[in-house]
Amino acid sequence: MKIRSGGHDYEGVSYVSDVPFFILICSTFVQSMSVLKMRLHGFKLEQLLVKFLQNCRENLSTVGVGGHFSGGGYGNMMRKYGLSVDNIIDAQIIDVNGRILDRASMGEDLFWAITGGGGSSFGVVLAYKIKLVRVPSTVTVFRVTRTYEQNLTNIVYSYQQVADKLPEEIFVRMTLGVVNSSVRTGEKTNIATFLTLFLGDSEKLLPHE
Ligand SMILES: Cc1cc2nc3c(=O)[nH]c(=O)nc-3n(C[C@H](O)[C@H](O)[C@H](O)COP(=O)(O)OP(=O)(O)OC[C@H]3O[C@@H](n4cnc5c(N)ncnc54)[C@H](O)[C@@H]3O)c2cc1C
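The rules behind these values
- Residues numbered from 1 in each chain as written.
- Predicted model: local features only at pLDDT ≥ 70, side-chain atom pairs only at ≥ 80, totals over all residues.
- Heavy atoms only, no water.
- Phe/Tyr/Trp six-rings, centres within 6.5 Å; stacked < 30°, edge-to-face > 60°.
- Helix = DSSP H or I, 4+ residues; strand = E, 2+ residues; numbered from the N terminus.
- Buried < 20%, exposed > 50% of the residue type's maximum accessible area, 1.4 Å probe, protein only.
- Near = heavy atom within 4 Å.
- Polar contact = N/O pair within 3.5 Å; in protein donor to acceptor, adjacent residues only side chain to side chain.
- Areas by Shrake-Rupley, 256 points an atom, 1.4 Å probe, with all protein chains shown as cover.
- Nonpolar A, V, L, I, M, F, W, Y, C, P; charged D, E, K, R; others polar.
- Contact = heavy atoms within 4.5 Å.
- Pairing = 2+ DSSP bridges.
- Core = buried A, V, L, I, M, F, W, Y, C linked by side-chain atoms within 4.5 Å.

The name given to the protein in an unreviewed UniProt entry is FAD-binding Berberine family protein, with the source organism recorded as Forsythia ovata.

Right under this line is the structure:
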């Protein structure tokens, strides 16, 4: 049996096998989000959450929580709030004997395993109970690229000196790549891309320049 949520496993382990198999598609469970709703205390918050979930379905990627949460889950707010799994407070799993277990009945070792160790090695995760975090109404996002000809070496070096010292509201993700040079025709050059999310408006961000 293969367990699949979003189907985005990089190695295809949720849909590839050397022997005949069937797939349990969990993405239909995800549509309900009942675990999240159970945590709500006020009507307004519920409305907000329903809107948020609709928005998720319409605008976000198709990566599934089944694989994302059980594998750890990094994101652009992780400097301030940790990984996805740092915000999971309970889970439900069905084990090989058909028992439905929550955190208390599965024990801390199994809970630890399905919040970072990969869910399918241990059973089928039916639900995660997560703690939502508060995001400011205004955030600042930008993307900057610099090539070798644009002083990439010094900029990357400087980034490495400050990356871990910036306030935790600032997340700067740097990736390195190769592109066609715009200066030397027919040649390649290195490029660094800086993707940034700041939990606040640009006026608060600029003093950190
Ligand atoms: C476009 C894209 C963007 C991504 N961005 C990020 C990112 O920003 N941060 C990040 O951390 N990762 C990211 N990833 C990686 C992604 O989180 C992992 O590949 C994740 O495992 C995908 O989960 P899935 O449910 O979509 O995949 P699936 O292929 O459905 O599942 C992945 C693994 O989890 C198991 N599994 C799925 N559901 C369950 C369940 N209910 N119970 C038990 N086991 C289960 C599967 O059997 C398989 O082993 C990205 C991947 C892609 C393709």
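1. Quick look at the packing of aromatic side chains
If you walk through the whole model with that rule in mind, you get 2 aromatic pairs. With centroids separated by 5.3 Å and ring planes inclined at 75°, the aromatic side chains of F69 and Y128 adopt a geometry described as edge-to-face. Taken together, the residues F69 in helix 4 (residues 65–71) and Y128 in strand 5 (residues 124–130) connect sequence positions 59 residues apart. For the pair F69 and Y128, one class covers both residues: buried.

2. Regarding unusual backbone geometry
Among all residues save glycine, negative phi is the norm, and among peptide bonds the norm is trans. Backbone geometry places N151, a non-glycine residue, at a positive phi of 75°. Along the polypeptide, N151 turns up in the loop between strand 6 (140–147) and helix 8 (152–162). Residue classification places N151 among the partly exposed residues on the basis of a relative accessible area of 40%.

3. Observations concerning the site of the ligand
Residues in contact with the ligand amount to 23 residues; listed here are only the nearest, I3, S5, S14, G64 and Y74. One of the side-chain N or O atoms of Y10 is found 3.4 Å from a nitrogen atom in the ligand. Within the contact set of the ligand, an oxygen atom lies 3.0 Å away from a backbone nitrogen or oxygen of G67. Isolated, the ligand exposes 960 Å² of accessible area, and the fraction of that covered by the protein chains is 80%. At the level of secondary structure, the elements contributing two or more residues to the shell around the ligand comprise strand 1 (2–4), helix 4 and strand 5. Tallying contributions element by element places helix 4 first for the shell around the ligand, with 3 residues. Here the shell around the ligand is built from residues that sort into 8 nonpolar, 13 polar and 2 charged.

4. Quick look at the side chain of T115
Relative to the helices and strands, T115 is located in the loop between helix 7 (108–113) and strand 5. Looking at T115, its side chain comes within polar contact range of the main-chain oxygen of W112, at 3.1 Å. For T115, the contacting residues outside a window of four places in its chain are F69, S70, V85, I88 and Y128.

5. Description of the sheet that holds strand 3 (residues 88–94)
As summarised here, the arrangement of the 3 strands in space is 4-3-5, forming an open sheet in which the pairing is antiparallel. Lying at the two open borders of the sheet, with one neighbouring strand each, are strand 4 (100–101) and strand 5.

6. Section: the nonpolar core
In terms of nonpolar packing, the biggest core is built from 14 residues, with I88, A91, I93, M106, L110, I114 and Y128 touching the most fellow members. Looking at this core, the elements that each hand over two or more residues are strand 3, helix 7 and strand 5. Excluding residues within four positions of it along the chain, L110 makes contact with I93 and F122. If you look at the next biggest cluster of nonpolar residues, it comprises 5 residues, including L152, V156, Y159 and F194.

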